[in-house]
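# A structural walkthrough
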Amino acid sequence: MSLLRTPHPPLRRTGLTALSTVLVLAAGLGVTQATAAPAADPVAQVWITTPDGSRQLSPDGSLPFDQSPQQTDISVDAGQTAQRYTGAGASVTGASAHLIQQLPADRRDALLRSLFSSSGDGIGLNYLRQPLGSSDFDAGGDPYSYEDSPGQFSLARDQQEIVPVLRQALDVNPSIRFMGTPWSPPAWMKTGNSLNGGELKPEHYGDYADYLVKAIQAYGQEGVELTDLTVQNEPENPTSYPSMQMSAQQQADFITVLDQKLTEAGLPTNILAFDHNWDHPNYPLDVFSRTSGIDRVIGAAFHCYAGSPDAEKQVADTGKRVFFTECSGTDSDNPANTFADSLRWQAENLVVQNMRNGGETVVTWNLALDQNGGPHQGLCGTRCNGVVEITPDGVDRGPEYYSLGHLSKFVQPGATRIGSSSQQSGGVQDVALQNPDGTRVVYTVNTSGSTQSFSVTDEGRSLGYSLPAGAVATFVWNPDA
């Protein structure tokens, strides 16, 4: 997305004239004019996470903007504005909900505060993408939809563990925004009569649209508003767990039916196309061209498992919105390197490059998994990781907790991405945002193999900092303080 320059407001001449009059009168009365004190330099607060885990979202002091720009400089330009920031988070899958609900009440409460509150050591997650029915991360091996038998719709399975966790999260942070995503329609609506693979039969487009309307309404009755919706998780990945093949034309045809059903039900739910990997941006572009008259199709959702985040720019350049909605952390070949490898890769790709290419959400996958990367029924390959790991010995915060937290703790929903210079891969990369309260935030990651010294420059004033290799740091300041 091209950045739009916002003009600075003109000076108010009335105030300047009044000030001049006061000075003239003071001079006539023989009053000596005092020299005005120079404005104090803004001061940035800094937080850092290092790849060895010795410092984890740790305060790293206060840095005044009282230096000169260095050779490597992050030049912030609040006059350049791009997309809004909507939120960051993960998914309360069946696996995650089961693990969280099994915790003693005091430990569960502490965990949810650390995830959803921004006070204390909390990271303030505020966006949850919820599977509608079974995914590949259920608590058990009995996959389900909400209407396994025609005409018998029920949210009962979700009400056992998933809905209670969502309500508890809302108690901590009432501003959480939710997306609903089905992995499969009910089997009876599909070719193959299975939750796994297959396609939606055209004669059941209306039935499936009714099903999704019922799901949105049922969640709403539980106090969980599904503001956003994608109609199929990974539509190009029919596989051996709940899933479905859906071409761009099929998706567009179905959305046309769904839009009418949502309108009849009085639901304002947004629809995002695609919800799959960076390597096929033409899919959502095709959906947009076929649904051009449907206002609720606001943009596209992307995953990280193939391609690169610059593909998002093709969507952003059309004026549509970009939501990044899934990426699971995995173990490195040498598990001892997992924290360092994941922290750097996620910070660079899921936060910096995603947002610099138009992304307004940063959403990973499972909120919580166990020490074995489960429970799951999918093809995870190397062990999958959640934002946190729940073991018999306690709760461990993984690299996702910090790559997300360095953003979500400090950036407020409704913030605007602003201009900033950034190095390429192998250097210090960043994204800058301005909060609704006027504070500015720069999220940085050192993707090089050595400590890098650089400056951050804003409105002609600079601060200096040295960031270890692979580390993430966030700078927050009020330019008017």
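This text gives an overview of the structure that appears in the document. Computed from a predicted structure; not experimentally measured. (Residues numbered from 1 in each chain as written. Predicted model: local features only at pLDDT ≥ 70, side-chain atom pairs only at ≥ 80, totals over all residues. Heavy atoms only, no water.)

### Focus on the overall build of the chain
In terms of regular secondary structure, the chain is built from eleven helices and 23 strands. On C-alpha atoms alone, the chain measures out to a radius of gyration of 25 Å, which is about the 23 Å that the 2.2 N^0.38 rule sets for 481 residues. Here the chain holds 481 residues, and the buried ones make up 55% of them. Of the contacts formed within the chain by residues at least 6 apart in sequence, a portion of 70% connects residues at least 24 apart. Of the roughly 19,400 Å² that the chain leaves accessible, carbon and sulfur atoms contribute 48%. When the 29 basic and 52 acidic side-chain charges of the chain are each reduced to a single mean position, those positions are 6 Å apart. (Helix = DSSP H or I, 4+ residues; strand = E, 2+ residues; numbered from the N terminus. Rg over C-alpha atoms; globule rule 2.2 N^0.38 Å. Buried < 20%, exposed > 50% of the residue type's maximum accessible area, 1.4 Å probe, protein only. Contact = heavy atoms within 4.5 Å. Areas by Shrake-Rupley, 256 points an atom, 1.4 Å probe, with all protein chains shown as cover. Lys, Arg positive; Asp, Glu negative; His and termini not counted. Charge placed at Lys NZ, Arg CZ, Asp CG, Glu CD.)

### Focus: the sheet that holds strand 13 (residues 359-366)
Around the barrel, eight strands lie side by side as 5-6-7-8-9-10-11-13; this closed barrel has parallel pairing. Pairwise comparison of adjacent strand axes, ignoring direction, gives a mean angle of 30° for this sheet. Where strand 5 (residues 87-91) and strand 6 (residues 127-131) come together, two bridges link them in parallel fashion. Bridge pairing links Ala90 to Leu128 in strand 6. Across the sheet, helix 11 (residues 399-408) is in contact with strand 5 and strand 13; its angle to strand 13 comes to roughly 155°. (Pairing = 2+ DSSP bridges. Axes fitted to C-alpha atoms, helices over the stretch in contact; angles between N-to-C directions.)

### Let's talk about the packing of helix 3 (residues 105-116) against helix 5 (residues 162-172)
Closest axis-to-axis distance for the helix 3/helix 5 pair is 9 Å, and the angle between their directions is 60°. As judged from the angle between their axes, helix 3 and helix 5 are oblique. Seen along the crossing, helix 3 lies across helix 5 with a hand that is right-handed. Contacts from Arg108, Leu112, Arg113 and Phe116 in helix 3 reach Gln168, Ala169 and Val172 in helix 5. Of the residues contributing to the contact of helix 3 with helix 5, the split by class is four nonpolar, one polar and two charged. (Parallel < 35°, antiparallel > 145°, perpendicular 65-115°, else oblique. Left-handed = near helix turned anticlockwise from the far one by under 90°. Nonpolar A, V, L, I, M, F, W, Y, C, P; charged D, E, K, R; others polar.)

### Re the sheet that holds strand 16 (residues 388-391)
The mixed open sheet is built from three strands, whose spatial order is 14-16-17. Each end of this open sheet is capped by a strand with a single partner; those strands are strand 14 (368-369) and strand 17 (394-397). As defined by bridge partners, strand 14 adjoins strand 16 across two bridges and the pair is classed as parallel. Within strand 16, the residue paired with Ala368 across the bridge is Val388. Strand contacts of helix 3: strand 16 and strand 17, with the helix running at about 170° to strand 16, the strand carrying the most contacts.

### Description of helix 6 (residues 205-221)
Helix length check: helix 6 (17 residues) gives 24 Å between terminal C-alpha atoms against 24 Å at 1.5 Å per residue, within 8%. In the core, the buried residues of helix 6 are packed alongside helix 4 (156-160), helix 5, strand 8 (226-229) and helix 7 (248-264). Gly223, located one to two residues past helix 6, shows a positive phi value of around 85°. (Expected span 1.5 Å × (residues − 1).)

### A closer look at the packing of aromatic side chains
Going through the model one piece at a time under the given rule, you end up with 20 aromatic pairs. The interplanar angle of 25° and the centroid separation of 6.0 Å between the aromatic rings of Tyr146 and Tyr211 together place this pair among those described as stacked. Here Tyr146 is found in the loop between strand 6 and helix 4, whereas its partner Tyr211 is found in helix 6, with 65 residues between them in sequence. The same class applies to Tyr146 and to Tyr211, which are both buried. Relative to Tyr465, the ring of Phe454 has its centre 6.1 Å away and its plane inclined at 70°; by these criteria the two rings are edge-to-face. Taken as a pair, Phe454 in strand 21 (residues 452-458) and Tyr465 in strand 22 (residues 461-467) lie far apart in primary sequence, eleven residues in all. Here a set of aromatic residues connected by ring pairs shows up, and it is made of Tyr144, Tyr146, Phe153, Tyr205, Tyr208, Tyr211 and Phe254. Looking at Lys320, its charged tip hangs above the ring of Phe288, at a distance of 5.3 Å from the centre. (Phe/Tyr/Trp six-rings, centres within 6.5 Å; stacked < 30°, edge-to-face > 60°. Lys NZ or Arg CZ within 6 Å of the ring centre and 35° of its normal.)

### Observations concerning the state of the cysteines
Taken as a whole and assessed by the stated rule, the structure comprises one disulfide. Through a disulfide, Cys304 is tied to Cys327; the S-S separation comes to 2.0 Å. For the disulfide bridge between Cys304 and Cys327, the dihedral angle about the S-S bond is near 75°, and by the sign convention the bridge is right-handed. Here Cys304 is found in the loop between strand 10 (297-303) and helix 9 (312-316), whereas its partner Cys327 is found in the loop between strand 11 (321-326) and strand 12 (329-330), with 23 residues between them in sequence. (Disulfide = S-S within 2.5 Å.)

### Section: the pattern of salt bridges
A complete count under the given rule lists 19 salt bridges for this structure. With its nearest N and O atoms 3.6 Å apart, the salt bridge here joins Arg157 to Asp142. A residue pair is termed long-range when its members are at least 10 positions apart, and Arg157 in helix 4 and Asp142 in the loop between strand 6 and helix 4 qualify at 15 residues. For Lys313, the salt bridge identified is with Asp317, shortest N-O distance 2.9 Å. Here Asp317 falls in the partly exposed class, since its relative accessible area comes to 46%. A single salt-bridge network, built from bridges that share partners, covers Arg440, Asp458, Glu459 and Arg461. (Salt bridge = Lys/Arg side-chain N within 4 Å of Asp/Glu carboxyl O.)

### A short note on the nonpolar core
Judged by nonpolar contacts, the single largest core of 100 residues is most densely connected at Tyr219, Phe254 and Leu407. Filtering out sequence-adjacent residues up to four positions away, Phe254 remains in contact with Leu200, Tyr205, Tyr208, Ala209, Leu212, Val231 and Met246. Core analysis: the next-biggest nonpolar cluster, separate from the first, contains 19 residues, Val46, Val76, Val428 and Trp477 among them. (Core = buried A, V, L, I, M, F, W, Y, C linked by side-chain atoms within 4.5 Å.)

### Some thoughts on unusual backbone geometry
With omega at 0°, the peptide bond leading from Gly374 into Pro375 counts as cis. If you trace the backbone, Pro375 turns up in the loop between strand 14 and strand 15 (384-385). Positive phi, close to 50°, is recorded for Leu57, a residue that is not glycine. As for its placement among the helices and strands, Leu57 is situated in the loop between strand 2 (43-49) and strand 3 (58-64). Classification of Leu57 as buried rests on a relative accessible area of 14%. A positive phi angle is found at Glu234, which is not glycine, with a value near 40°. With respect to the helices and strands, the residue Glu234 is situated in the loop between strand 8 and helix 7. For Glu234, a relative accessible area of 7% corresponds to the buried category.

Remember, this is a structural readout, not a statement about activity or role.
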